[in-house]
Amino acid sequence: MGNVCSSGQKKKKDKDSASEKSDDSPPYQEADQKDTLISTDTNAAGDSKRAPLAAVEALPEVTPQMPEANGNQPPSQGPNSKQQPPTVQGKISGTDKDSNSTAQGAASDVANANPAAGNLSVLQGKPPPSRKIERDKKIVVYILADNSPEYKKHKRVVHSLYKHFKSKCQSRGFDFIISDVHDTSEPDGPAEQGNGNPRKDFSRLQEVKRWTQTPLEAQGGHEEAANCLCEITRHSAGAYIVPVLFLGATLGTPMLPLTIESQDFTSVLGTASESERLLLEKWYTIDNSYQPMCHRLHAQQVDPYSGSANAELNELLAVLLRLFSDDVKDSYLTTVVEQEINNTVLMSQELAKRCIWIQTGAQLSRPPENATQLELEVQRRISRVYGELKSQLCEKNLIRLLPTMSILDEELSAVIESLLDKALAGIFEEHQQKSSIPYNTLGVDRVLLEELQLVGHYSKLLAQNSANFDIMNDVKRYIRDSTAQPLVVSGARGSGKSVLVSKIMENVHRWKPEAQLVLRYANLSARSSDLTSLLGSMANQMSVLETGHQCQVPHTLEAYAGVIREILGRQQRFFVLIIDGVDELQREETLDWLPQQLGNSKLILTVSELAEADGEETATTAGESFDMLAALAQLGIPPRCFLRLRQFTERQWHDILSSGGGDFYAANGALKLPDEWKTLHGKTPYHAKSLWWLAWLGHVAQPISEIGDISGRILQVLESKFAADQVELLLLIVRLSPWGIRESDCLGVFQKMTQLEALVAFKIWSKFCWLMGPMLLGLKNIRIADRSFGRAVLARYAQKQWLVHEALRDYFDRQDSEFKGIQGANTYNYQKYLKLPYHHFCAVIEDKPAPHKIDILFNCFYFTDLPWIANKVHATGPDHLLHDILQAEWLAKSGDSSGDAGEAGATDYVHIRFLKQFLEQYLHELSYDGQQFYTLMKYYLKTRFRESPELKDDEKIRSWWECTNELEFAFLEILNADLDAENGNRGEQAAEQPEGDAAPAVKGYDLLVNLPQPGCYVASLCTERAEICIWDVKNCCRIRELQGIQQPTAMCPVGSYEAAVLCRREIRVINLDEGRFKVTLKGVMNQKMPYFGLHDQNHLVCLSRNRMYVNLMNLESGDCVTTFKAGEDRFLNSLLVSGDGRILVCGDETQKPFPLLVWHLSQRKLLYDLRIPHHDFITSLSAITHEGSYVCVVAKELNEPTTPNFIVVYDLQSGTLFKKWKPSCNTVSLAISQVNACVIAGLEDAKILIWDLVTGNCKSTLIGHNAPVTFLKLDPLGKVLLSYDKEGRDSAIRMWELNSAKSLAVFKPPAQVSTCEILPNGAFVVLALKDRNALLTLALKNYGAGGSGDVLEDECGTLYGNPDNQHKVFDLSN
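Because the structure is a prediction, the values reported are computed rather than measured.

A. Spotlight on the overall build of the protein. Helix and strand counts for the protein stand at 46 helices and 52 strands. Taken across its 1374 residues, the protein has 61% of its residues classed as buried. Long-range contacts, defined as pairs at least 24 residues apart, comprise 66% of the intrachain contacts of the protein with a sequence gap of at least 6.

Have a look at this one:
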């Protein structure tokens, strides 16, 4: 329509192109939708006043997506389009596109290390892609409607569903809001009833405040349109929108176009009468700043004290209706609801698919005879809109409410609820599929990748800004030359240091294609809110790039600094390390952590210069007393490595305020900044941004004498737009929330504090977000964009901070800690665990009358209740709990007047110190999965009690110990007493392993085997040490040691105490209890495929040396009893025996396609020769049920080698293909359970699928691993599944209950697992770790009570074999 493009044809072309893009590339559908929405939002505003801020709006994820929108938009930009923002954003996008193509041309070490890691190139610090596929977990139901009061009742039905859907979204971790910006107030007079008179509507809205005292884009009656389209744009940036359209027989208030292209205006004047021409020329004045030129509505002519303009404006509308052709009317004359429709459902097939249309009136087939021209035009437009909607929207989503129908609210509510349910289910599924971080990250923790994504998108947003980049060449020279010392960039607050850093990120891979950029912004998230966490995050990124895995050192500054120095010292890669705002984190004068000799790498630090007597923010006063620049200078860094980011020069300042300048500010002729503003001192980017914002708000007439007070002036302007206390509360709620706040939470707290109705509160919030424009940042949460503005907010509204902290605390405290999820699985209330403790601490410290506030702080529920602590770690990760402790210590130090309590906080509270040490020790394990919390806490308590028995005297720690002994859910308990002692110094290990020249002397175990006799015993084989050991699992000790066995590599238990052991190429039967050889089977095995299996207690089957047949051997005499021959020149490559020994399955690699040969061992005959044409069986991936009823095997297509392999199941009773499944990626491990009638497949994408043997459906998907699941093992009863990655990329083991698909336990051992074994019912898990001489034993507590678990517990007391042989060592070398 008018504010979409300049002609109907062009609009249709745009719409079609957007639709085509949606069809061609579904994954990028939302991106296209966002592109178009941004462009059309600027169009809809109709005035270029907003241009300088278009790129500044809180849309970090959207701006990079401009190239495609710009590719389509310029031809269709008419006079109502704001041409400049697309131009500026186009510049940004061009740069980004360049940068990406250059950067991706560089060698990616991570990607080269493993082809599957291509999507992990974010580790190299490359700028994020121009198109952001993944959106935030936020769903917005956006209501499209005109202001007709007839919709009030129906809207109320939609709003009544809010709690239901919010609860549903919360259980999936999504935010949910209903966005309704429309005013449905009752009409002024009785004449406005029924269909509503368009002229009366138009006349009623010619109020002065709608035409003046607002930003230019909102003048002339366009305020609601501007607000609505800003709202659409804001949510399109990162949320999933579900449009709910109310449309009947009216379109609402018509609006005069803000601009008319000069060519169209001239043609209209040519056909106008004299009086009409005078009227048009009076209200539309030429604007030469546009190309092509246009005429702009001169809204300032409206006399604030006279209503006489109403008739003239109505006449102006009538003139335009008479003189415009239909095509031109479609371009220029529009209503709010038409703009909303054009910018949502008609612009995006995705939104059209989700849109719910509530049709509230009958469409008139023809207008009444005495209809006015305006009514005729409305009728024409409604018909056209109906036609477009019917062609785009889904018929199933249409709800017709005709005037003759009487429908109850409950009935309408049920229909809308059903449709919204379907839309939300689709969104949940779509979000899961389009997650930009895959499940398979090759062992890299998601928290690290999420942090890098956040850094990348924040940089993308910052790069739209401008600063004095005169020193950029110096930075470029530094990165290219051989300087081995750090580079320090300093500058005043607001001078654009962070912007400079974001520009370095854009360009560093151009300057040095081989560069590995490691960039962090101070206080961007919890993982960059203190120096230790920030260095740890950087060290992990560097370690992954260097060694392929994260560093495993304690969470201390010294340990991380050592890792960074060591990696830099190797000089294997060219690292560029950047820490922005390091002075915000450095609160001590020691800079020992700073590497000063960088080798061939680079380190850039940005530091703020100390402000003179700046007492605005008390939280940084202690930090400000430390002169970081002076301390850096004393380290001996040469003066040439200190650069100063200066303010804008006079010329730059004039350019910025005159015509934009830089990517951030768009050149905009319609918006003139007063000349006196250009003479102000203090020319920083923040001040320039503030002046542009102030001018956009329409306050160019305000005299500004001192630029330092610009923030205060802006806050005054905002207060004039709303009630002062509303602005105060909204700004404080956002500012006092660390790392931002979700929109629904901000609204909830605001509504509670002001006692406003929900709809009223939302309208205030929506307008606030619109007018705040560039000062709000939408980076997953809503946050203040500029630190300087944040400081000004705290300084101006200091009195109410305590109240807001208290309100936030109470708001989160009232919420449930968990939400009921699907299939009974609960979801943690992430926001509650994240926010509640911090606001409680602040409320306690700022509560002036509270005595003993430090005691209250450190002894509060959030530091003493172990279930809360465990849930917080599980919900948010250990970083946030550690941050709570550091924040409490910092608040205690700054909040206590004596200054002594802060030091006491770190030393006198034993439980705080204990908890901090625990987190520092096990931060990496808990970051991987918080489900390990009780496993590690119980072990840590045991070891610390042994070292320091006095810890039991502390009431809090004693209560924690009692809590771990009274748990009622399943968890793993570490039975070993000396796990950490064996682990040794984690830092040294991490340092030594990559080098490879300090190989450990100890060789670990190669195989673990369950022993069948009563009790909990396993046998371990070590080929290199030529030994077999028998272990008492429950007591974690060896009870037999058999040495001198030549190269034992495989083992099969026989009877109670014997085993068939493969020694070199012979099979020997050994008595494990007495430590002696019994018999050696005749013949030798094939060297590469020495496969064998047990038929019964006296017989064993094994593959012959030439692999052409299978021998059945007698275990008493060692003789060959019989032979199963496959046929002439057929070579077998696998051997699989069912648990009961009846069925033998072998693979044949000679014939094409590879067949499976099935023998019945008892009947001594070949049952089946199974094969699938044009397919090969991958027989190394196969499994058979205990009774031999089914065999499953992985197969691949010969004609399509690149397609994923698939799984087939054969029914061995009939020899028929029983089931066939084709997962989306390759299967890398396989197991089958007869008890649960299912097949379990470990996939390359780190998922585990459970297929139902009966129905053939996928019963469950097990998610948790972050590398391909290459090992699956069922316990002997077939109920519990053990999974891990044999290659050690994901070093954790996971236990699952097959029946319910529930995760029972997780454990990340201190070293890579070389082999493992699971005992019946999962009661114990035994791990052999790489290069460890002792086994690690874990007991699964609180699982299988009353069942076989208790039986196993009783059996554990049974001694193994002859008691006289306990703990003996046997030498079998002779």
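Picking up after the structure, the text goes on.
B. Representation of the sheet that holds strand β27 (residues 1066-1071) in the model. Reading across from one edge, β25-β26-β27-β28 is the order of the four strands in this open sheet, with antiparallel pairing throughout. Only two strands of the sheet have a single partner each, and these edge strands are β25 (1048-1054) and β28 (1076-1080). For this sheet, the mean angle separating the axes of adjacent strands, direction not counted, is 30 degrees.

C. Looking closely at the state of the cysteines. All chains considered together, the criterion is met by zero disulfides. With no disulfide of its own, Cys1037 lies 7.6 Å from the sulfur of Cys1036, the closest cysteine sulfur.

D. Fine view of the sheet that holds strand β13 (residues 575-580). As summarised here, the arrangement of the five strands in space is β12-β13-β14-β11-β15, forming an open sheet in which the pairing is parallel. Both edges of this open sheet fall to β12 (516-521) and β15 (642-644), since each of them pairs with a single strand only. Between one strand axis and the next, the sheet turns through 15 degrees on average, direction left out of account.

E. Local environment of the confidence of the model for the protein. Confidence in the prediction for the protein averages 78 pLDDT; 80% of positions are at 70 or higher. By mean pLDDT, the top-scoring element of the protein is strand β42 (residues 1238-1243) (94), and the lowest-scoring one is helix α3 (residues 51-54) (29). A low-confidence stretch, residues 186-210 stays under pLDDT 50, and its non-local contacts, those more than four residues away or across chains, total 45 contacts. Contacts of residues 1346-1351 to residues separated by more than four positions or lying in other chains number six contacts, the stretch itself having pLDDT below 50.

F. Expanded view of the pattern of salt bridges. All told, the structure shown has 60 salt bridges when counted by the stated rule. The salt bridge involving Lys916 is made with Glu889; its shortest N-O contact spans 3.4 Å. You can see Lys916 sitting in helix α41 (residues 910-928) and its partner Glu889 sitting in helix α39 (residues 878-895), a full 27 residues away along the chain. With a closest N to O distance of 2.6 Å, Arg1040 and Asp1073 form a salt bridge. Here Asp1073 lies in the loop between β27 and β28 and Arg1040 lies in strand β24 (residues 1037-1043), a separation of 33 residues in the sequence. For the pair Arg1040 and Asp1073, one class covers both residues: buried. Taken together, the shared-partner salt bridges in this structure form one network comprising Asp326, Lys329, Asp330, Glu338, Arg380, Arg381, Arg384 and Glu388.

G. Unusual backbone geometry, seen in detail. Of note, the phi angle at Gln571 is positive, near 55 degrees, even though the residue is not glycine. Tracing the chain through its elements places Gln571 in the loop between α24 (557-570) and β13. The backbone of Ala1246 shows a phi angle near 80 degrees, a positive value even though the residue is not glycine. Within the element layout of this structure, Ala1246 appears in the loop between β42 and β43 (1248-1252). The exposure class of Ala1246 is buried, given its relative accessible area of 2%.

H. Summary view of the packing of aromatic side chains. For the coordinates displayed, the defined rule picks out 37 aromatic pairs. Relative to Phe789, the ring of Trp693 lies with its centre 5.9 Å away and its plane at 85 degrees, an arrangement referred to as edge-to-face. Linking Trp693 in helix α28 (residues 685-696) with Phe789 in helix α33 (residues 787-796), this pair joins segments that are 96 residues apart in sequence. Every member of this aromatic cluster is reached through a ring pair, and the members are Phe914, Phe918, Tyr922, Phe933, Tyr934, Tyr940, Trp960 and Phe969. For Lys512, the ring lying beneath its charged end belongs to Phe574, and the centroid distance is 4.9 Å. Between Lys602 and the ring centre of Tyr478, over which it is positioned, the NZ or CZ distance is 5.0 Å.

I. Representation of the packing of helix α30 (residues 724-735) against helix α32 (residues 758-772) within the structure. Where α30 meets α32, the closest approach of the two axes is 11 Å, and the angle between their N-to-C directions is 75 degrees. When the axes of α30 and α32 are compared, the pair comes out roughly perpendicular. Side by side, α30 and α32 meet where Gln726, Leu730, Leu731 and Val734 of the first sit next to Ile764, Trp765, Phe768 and Met772 of the second. Residues of the contact of α30 with α32, tallied by class, amount to seven nonpolar, one polar and no charged.

J. Here's a closer look at the pairing of strand β35 (residues 1156-1160). With five of its five residues buried, β35 lies for the most part within the structure. Residues Leu1156, Val1158 and His1160 line one face of β35 and the alternating positions Leu1157 and Trp1159 line the opposite face, and both faces are buried. Direction of pairing for strand β34 (residues 1143-1147) relative to β35: antiparallel, over a ladder of five bridges. What sits directly across from Ile1143, in β35, is His1160.

K. Expanded view of the side chain of Glu231. Mapped onto the elements of the fold, Glu231 is located in helix α11 (residues 223-238). Relative accessible area serves as the criterion here: at 1%, Glu231 is assigned to the buried category. Polar side-chain contacts of Glu231 include one of 3.0 Å to the side chain of Arg234. When residues no more than four places from it in sequence are discounted, the contact partners of Glu231 are Tyr142, Ser179, Val181, Glu743, Phe762 and Ser766.

L. Region of the structure containing helix α35 (residues 830-846). For α35, with 17 residues, the first-to-last C-alpha span of 25 Å sits near the 24 Å given by 1.5 Å per residue. Of all the bends in α35, the greatest reaches close to 30 degrees and is centred on Leu836; the proline Pro837 follows between one and four positions later. Within α35, 15 of the 17 residues are buried, which leaves it mostly tucked inside the rest of the structure.

M. A look at the side chain of Asn976. Mapped onto the secondary structure, Asn976 falls in the loop between β20 (971-974) and α44 (979-983). Relative accessible area serves as the criterion here: at 9%, Asn976 is assigned to the buried category. Here Leu1335 takes part through its backbone oxygen, which lies 2.7 Å from a polar atom of the side chain of Asn976. A distance of 2.7 Å separates a polar atom in the side chain of Asn976 from the backbone nitrogen of Thr1337. Leave out the neighbours within four places in its chain, and Asn976 touches Tyr939, Cys1036, Leu1335, Leu1336 and Thr1337.

N. Region of the structure containing the environment of Ala515. Topologically, Ala515 is positioned in the loop between α22 (497-511) and β12. With a relative accessible area of 2%, Ala515 lands in the buried category. The sequence separation of Ala515 and Val576 amounts to 61 residues, and the corresponding C-alpha distance is 6.5 Å.

O. Up close: the packing of helix α21 (residues 472-480) against α22. Two elements in contact, α21 and α22, have axes separated by 11 Å at closest approach and are oriented at 45 degrees. Relative to α22, the element α21 lies oblique. Viewed along their axes, α21 and α22 form a crossing whose handedness is right-handed. Residue-level contacts link Met472, Val475, Lys476, Ile479 and Arg480 of α21 to Leu500, Lys503, Ile504, Val508, Arg510 and Trp511 of α22.

P. Structural view of helix α12 (residues 262-271). Those residues of α12 that sit buried are Ser262, Asp264, Phe265, Val268 and Leu269. Axial view of α12: buried residues confined to an arc of 160 degrees, hence all on one face. Exposed residues lying more than 90 degrees from the buried face of α12 are Gln263, Thr266, Gly270 and Thr271.

What counts and what doesn't
- Starting from 1, residues in each chain are numbered consecutively following that chain's sequence as written.
- In keeping with the model being predicted, local features are shown solely for residues with a pLDDT of at least 70 and side-chain atom pairs are shown and tallied solely at 80 or more, while totals for entire chains, interfaces and linings include all residues.
- Heavy atoms throughout the structure, all of them, feed into the side-chain values; hydrogens and water do not.
- By the criteria applied, helices consist of DSSP H or I runs no shorter than four residues and strands consist of E runs no shorter than two, each listed in order from the N terminus.
- Note on exposure labels: buried denotes an accessible area under 20% of the residue type's maximum, exposed denotes more than 50%, and partly exposed covers the range between, all computed with a 1.4 Å probe on protein chains only.
- In this analysis, two residues are considered to be in contact whenever any of their non-hydrogen atoms come within 4.5 Å of each other.
- A strand pair is defined by DSSP finding two or more bridges across the two strands.
- Fitted lines through C-alpha atoms serve as axes, helices being fitted only where they are in contact, and the angles separating the N-to-C directions of these axes extend from 0 to 180 degrees.
- Pairs of cysteine sulfur atoms within 2.5 Å are identified as disulfides in what follows.
- Along the chain, pLDDT gives the predictor's confidence residue by residue, from 0 to 100.
- Only one rule defines a salt bridge in this text: a Lys or Arg side-chain nitrogen within 4 Å of an Asp or Glu carboxyl oxygen.
- Think of it this way: a Phe, Tyr or Trp ring, Trp meaning its six-membered ring, pairs with another when their centres are within 6.5 Å, and the plane angle makes it stacked under 30 degrees, edge-to-face over 60, tilted otherwise.
- When the NZ atom of lysine or the CZ atom of arginine is within 6 Å of a ring's centre and also within 35 degrees of its normal, the charge is said to sit over that ring.
- Roughly parallel here means an angle under 35 degrees, roughly antiparallel means over 145, roughly perpendicular means 65 to 115, and every remaining angle is called oblique.
- Charged residues are taken to be Asp, Glu, Lys and Arg, nonpolar residues to be Ala, Val, Leu, Ile, Met, Phe, Trp, Tyr, Cys and Pro, and polar residues to be all remaining types, Gly included.
- Throughout this description, a polar contact denotes any pair of N or O atoms lying within 3.5 Å of each other; where both atoms belong to protein, one of them has to be capable of donating a hydrogen while the other can accept it, and for residues adjacent in sequence the pair is counted only when both atoms sit in side chains.
- Expected span of a helix: the number of residues minus one, times 1.5 Å.
- Two axes enter the bend calculation: one fitted to the seven residues ending at the residue in question, the other to the seven starting there, and the bend is the angle between them.
- By the definition used in this description, the sense in which the near helix is turned from the far one sets the handedness, with an anticlockwise turn below a right angle giving left-handed and a clockwise turn giving right-handed.
- Within this analysis, the arc is defined by the directions that extend from the helix axis to the C-beta atoms.

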